[in-house]
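Take a look at the letters that make up each chain.
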Amino acid sequence: MKRDEWKSRLGFMLAAMGSAVGLGNIWRFSYVAGENGGATFLLIYIFFILAFGIPLLLTEFSIGKAGKKDAVGSFMRLAPGTKWHWTGVMGVIGGTLILSFYSVVCGWSLYYLFHYLIGDFWTEPTGGFGQSFENWTSTTWEPLFWQFLFMIAVVLVVIRGIKRGIERANLIAMPALAILMVVLAVYSLTLDGASEGLAFLFTPDWSQFGNPQVYLAAMGQAFFSLSIGIGGMLTYASYLKSNDRLPTATVGIGIMDTVFAVIAGIVIFPAVFSFGGDVTDGPPLVFITLPSIFASMPAGGLVGIGFFALLVMAAYSSALSMLEVPVAYVHRTLGLSRKAAAIVCGTVIFAIGVTVSLGYGIWSHVTIVENKNILDSIDYITGNYILPLGTMLMAIFVGWYWTKDQAIKRSEINTPILQSSWYFIIRYIVPVAILVIAITSIVDK
């Protein structure tokens, strides 16, 4: 049976951009940047995107396009009789884990959007948004209902395949997302005290450049934001036509993903500073601090609708790629139809997500890593270990398993100096940099 393909390179770029531009650019970027010094983190993050992120994105694309199969199958085809396919297996596991907690947060976003649309959250609830959020997330069934709705919506699109499902959905979602982000950023800049938020985002604290934890957080965020290391981009690239070129698309996706993250910072931080919020509030920043701010500002209810519509759309486009990773694998290995594979994978991910959701309720006492709850533990493990490790293994595969001629040919870079620079970064710089930062971070603890 002929494998599905993207209808156009634009469709692939928008879908890949949708994969990259998700909660990672809005929910996760805002609180990780807030916890790690704002501008200091941003500069290091941009460095990782440009120096490592884009070259690594091209690396993952080149494996997918050459392999023409799912994350595991591509490695098996390109390196038969070796253990390299375990890199793909790790990607499938990592993507599944990320979507399990991602779907919980997406359910929260959907819940907030609904309550903004019906007007419930236009004013501060009794006890404040913090108490309201804590009370609601600690219940057993309500958060699961919204998580279930979100996963159903994702599964229904993935069932339809690449051309008729994922590509078509992103052709609508991504332009709408871009327009909404720009409108919200312009509004945020009109607020009194917005300059303090901009200073936090764009004026670095130079003393923090010696803190290895900031580098690890920035590297993890760069990989999380670009969806590198879990096989999503590899899987998307496997559906490309042979005449679709990789380098231009890769640079465009990397730059636009970074622009979206910066715009998200412009949306959030001026508002936080204008109304006396705390940028170090962590994951609750989006669900507690910002709603409190929206309730205090002119037309805040409308801003809340716009913001959570933005959050849901960004999360949705990203979740499509994360579900496609295990679906493509299960579809090939178990011989299930795409519909059956999507339902099975969606069900498994929802089930894991149930434990994450209950980590805010009856299992709130359960900690896995450094006294972190279930969600924060999975986020920490995937963002700081699975993604960097998966990324490093892909770099080693292209830089050391493939010959130099194979790597350059499959990268589709035509300019000699760019060929040499990209290959040197992938072969030498990336593996060493990831190891040094990881080891330094562990020792620093």
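No experiment lies behind these values; they were computed from the predicted model shown.

Conventions used here
Counting starts from 1 at the beginning of each chain's written sequence and moves along it residue by residue. With the structure being a predicted model, the display of local features is reserved for residues of pLDDT at least 70 and the display and counting of side-chain atom pairs for 80 or more, all residues being used for whole-chain, interface and lining totals. Side-chain figures throughout are based on the complete set of non-hydrogen atoms in the structure, without hydrogens or water. Here a pair means two rings of Phe, Tyr or Trp (six-membered ring of Trp) with centres within 6.5 Å. Their orientation is stacked below 30 degrees between planes, edge-to-face above 60, and tilted elsewhere. Only runs of H or I of at least four residues qualify as helices and only runs of E of at least two qualify as strands under DSSP, and these elements are numbered from the N terminus. Buried residues are those whose accessible area, probed at 1.4 Å on protein chains only, stays under 20% of the maximum for their type, while exposed residues exceed 50% and partly exposed ones sit between those limits. For this analysis, residues touch if any pair of their heavy atoms sits within 4.5 Å. Here the term cavity refers to a set of points on a 1 Å grid, laid over the protein atoms alone, in which a 1.4 Å probe fits but cannot get out; the term pocket refers to an open set having protein on both sides within 12 Å along at least five of seven lines, with lining residues being those that place an atom within 4 Å of a point. Grid points are joined across faces, edges and corners, and a volume is the space filled by probe spheres set on the points. The patches reported here contain residues having more than 30% relative accessible area and no salt bridge. Joining distances are 9 Å for like charges and 5 Å for nonpolar side chains (Val, Leu, Ile, Met, Phe, Trp, Tyr). Here the accessible surface of atoms and residues is derived via Shrake-Rupley with a 1.4 Å probe, and residues count as covered only by protein chains that are part of the display. What counts as a salt bridge is simple: a side-chain nitrogen of Lys or Arg found within 4 Å of a carboxyl oxygen of Asp or Glu. Residues counted as positive are Lys and Arg, residues counted as negative are Asp and Glu, and His and the chain ends are not counted. For the purpose of locating charges, the reference atoms are NZ of Lys, CZ of Arg, CG of Asp and CD of Glu. Helix span, expected: 1.5 Å multiplied by one less than the number of residues in the helix. Bend at a residue means the angle formed by two fitted axes: the first through the 7 residues ending at that position, the second through the 7 residues beginning there. Helix axes are fitted only over the stretch in contact, all axes being lines through C-alpha atoms; the angle between N-to-C directions runs from 0 to 180 degrees. Relative orientations are named as follows: roughly parallel for angles under 35 degrees, roughly antiparallel for angles over 145 degrees, roughly perpendicular for angles from 65 to 115 degrees, and oblique for any other angle. Take the far helix as your reference; a near helix turned counterclockwise from it by less than a right angle gives a left-handed crossing, and one turned clockwise gives a right-handed crossing. Put simply, Ala, Val, Leu, Ile, Met, Phe, Trp, Tyr, Cys and Pro go in the nonpolar bin, Asp, Glu, Lys and Arg in the charged bin, and everything else, Gly too, in the polar bin. Sulfur atoms of two cysteines make up a disulfide when they are within 2.5 Å.

In the structure shown here, the tally under the stated rule is 40 aromatic pairs. On the numbers, 5.5 Å between centres and 50° between planes, the contact of Phe48 with Phe52 is tilted. Of this pair, Phe48 and Phe52 both sit in helix α3 (residues 39–67), four residues apart, which is roughly one turn of the helix. With relative accessibility at 5%, the residue Phe52 sits in the buried group.

Turning our attention to the side chain of Ser19. Here Ser19 shows up in helix α1 (residues 9–20). Among all residues touching Ser19, those that are not within four sequence positions of it are Ser227, Met233, Tyr236, Ser317, Ser318 and Ser321.

Taken as a whole and assessed by the stated rule, the structure comprises two cavities of 30 Å³ or more. The volume enclosed by the largest cavity comes to roughly 80 Å³. Lining the largest cavity are 15 residues; nearest its centre among them are Ser19, Phe224, Ser227, Ser318 and Met322. At the level of secondary structure, the elements contributing two or more residues to the lining of the largest cavity comprise α1, α2 (23–35), α5 (85–117), α10 (212–225) and α14 (300–333).

Within the secondary structure, Gln419 is located in helix α18 (residues 416–444). Gln419 sits in the buried class, given a relative accessible area of 18%.

Turning next to a nonpolar patch on the surface. Where nonpolar side chains cluster on the molecular surface, the patch consists of Val251, Ile255, Met256 and Val259 and spans about 280 Å² of accessible area. Inspection of the secondary structure puts Ile255 in helix α12 (residues 247–274).

The next subject is a positive patch on the surface. Positive charge collects at one region of the surface, where Lys7, Arg160, Lys163, Arg164 and Arg168 lie side by side. As for its placement among the helices and strands, Arg160 is situated in the loop between α7 (142–159) and α8 (162–189). Among the residues examined, Arg160 registers a relative accessible area of 37% and is labelled partly exposed.

It is worth spelling out α8 at this point. For α8, with 28 residues, the first-to-last C-alpha span of 38 Å sits near the 40 Å given by 1.5 Å per residue. Maximal helix bending in α8 amounts to about 25°, located at Leu171; proline Pro175 follows within four positions. Within α8, the full set of buried residues consists of Ile162, Gly165, Ile166, Glu167, Asn170, Ala173, Met174, Leu177, Met181, Leu184, Ala185 and Ser188. As for α8, its buried residues are in contact with α1, α7, α9 (194–202), α11 (232–237), α12 and α14.

Here the focus is the environment of Pro431. Within the secondary structure, Pro431 sits in helix α18. Since its relative accessible area comes to 9%, Pro431 is described here as buried. Separated by 89 residues in the primary sequence, Pro431 and Ala342 have C-alpha atoms spaced 34 Å apart. Beyond its immediate chain neighbours, meaning those up to four positions away, Pro431 contacts Met392, Ala395, Ile396, Ile425 and Ile426.

Of note in this structure, Lys68 is not a glycine but carries a positive phi near 60°. Relative to the assigned elements, Lys68 resides in the loop between α3 and α4 (71–78). Judged by its relative accessible area of 25%, Lys68 is partly exposed. The backbone phi angle of Glu412 is positive, close to 65°, even though this residue is not glycine. Residue position: Glu412 is located in the loop between α17 (404–411) and α18.

With that settled, the discussion passes to the packing of α7 against helix α15 (residues 338–358). A pair of packed helices is characterised by two quantities: the angle between their axes and the separation of those axes. Where α7 meets α15, the axes come as close as 10 Å, and the angle between the chain directions of the two elements is 160°. Put simply, α7 runs roughly antiparallel to α15. The way α7 lies across α15 gives a crossing that is right-handed. Side by side, α7 and α15 meet where Pro143, Leu144, Gln147, Phe148, Met151, Val155, Val158 and Ile159 of the first sit next to Arg338, Lys339, Ala342, Ile343, Gly346, Ile349, Phe350, Gly353, Val354 and Ser357 of the second. A class-by-class count of the residues in the contact of α7 with α15 yields 12 nonpolar, four polar and two charged.

Bringing the state of the cysteines into the picture now. Evaluation of the coordinates by the stated rule reveals zero disulfides. With no disulfide of its own, Cys106 lies 17 Å from the sulfur of Cys345, the closest cysteine sulfur. Residue Cys106 is classed as buried on the basis of its relative accessible area of 1%.

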